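The primary structure of each chain is shown beneath.
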Amino acid sequence: VQLQASGGGLVQPGGSLRLSCVVSGRVSSINTMGWYRQAPGKQRELVATIISGGITNYAESVKGRFTISRDNAKNTAYLQMTSLKPEDTAVYYCNAQGRTILQTPFSSWGQGTLVTVSS
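Remember, it's a predicted structure, so these values are computed and weren't measured experimentally.

### Observations concerning the state of the cysteines
Within the structure shown, the criterion is met by 1 disulfide. With its sulfur 2.2 Å from that of its partner, C21 forms a disulfide with C94. As the torsion about the S-S bond is roughly 65°, the C21-C94 disulfide counts as right-handed. Residue C21 is located in strand 3 (residues 17-24), and its partner C94 is located in strand 9 (residues 90-100); the two are separated by 73 residues in the primary sequence.

### Side note on the packing of aromatic side chains
Applying the stated criterion to the full structure yields 1 aromatic pair. Residues Y36 and W109 carry aromatic rings whose centres are separated by 5.0 Å and whose planes lie at 65° to one another, so their mutual orientation is edge-to-face. Taken together, the residues span a long stretch of sequence, with Y36 in strand 4 (residues 27-38) and W109 in strand 10 (residues 105-109) at a distance of 73 residues. Here the basic side chain of R18 rests over the ring of Y78, its NZ or CZ set 4.0 Å away from the ring centre. Sitting over the face of the ring of Y93, R44 holds its NZ or CZ atom 3.8 Å from the ring centroid.

What counts and what doesn't
Residues numbered from 1 in each chain as written. Predicted model: local features only at pLDDT ≥ 70, side-chain atom pairs only at ≥ 80, totals over all residues. Heavy atoms only, no water. Disulfide = S-S within 2.5 Å. Helix = DSSP H or I, 4+ residues; strand = E, 2+ residues; numbered from the N terminus. Phe/Tyr/Trp six-rings, centres within 6.5 Å; stacked < 30°, edge-to-face > 60°. Lys NZ or Arg CZ within 6 Å of the ring centre and 35° of its normal.

Right, dumping it as structure tokens:
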């Protein structure tokens, strides 16, 4: 199972970006998809998750500014980020958990996409 994240870049404070994460490979079902981030010198932290039924969970620091969504038909998750702040600067990683076509569980990570918020 492979994850491909995209959409990062340089944005000014107050701006917006939309990240995408596509899951490919021998996937039977995807239960949870999530976004995490790691800023320089800090540990990786949860940003947002969404389960197959659409229930979402957000870090307090991004509530009201970020929105996670998913397109189950495309095995894709999105992270719409608005009102970006310099402290949102980090490498953003996507994660997916589910079962392969052999019904074995998987938990896979994407390669990360850099988001830089700076004027």
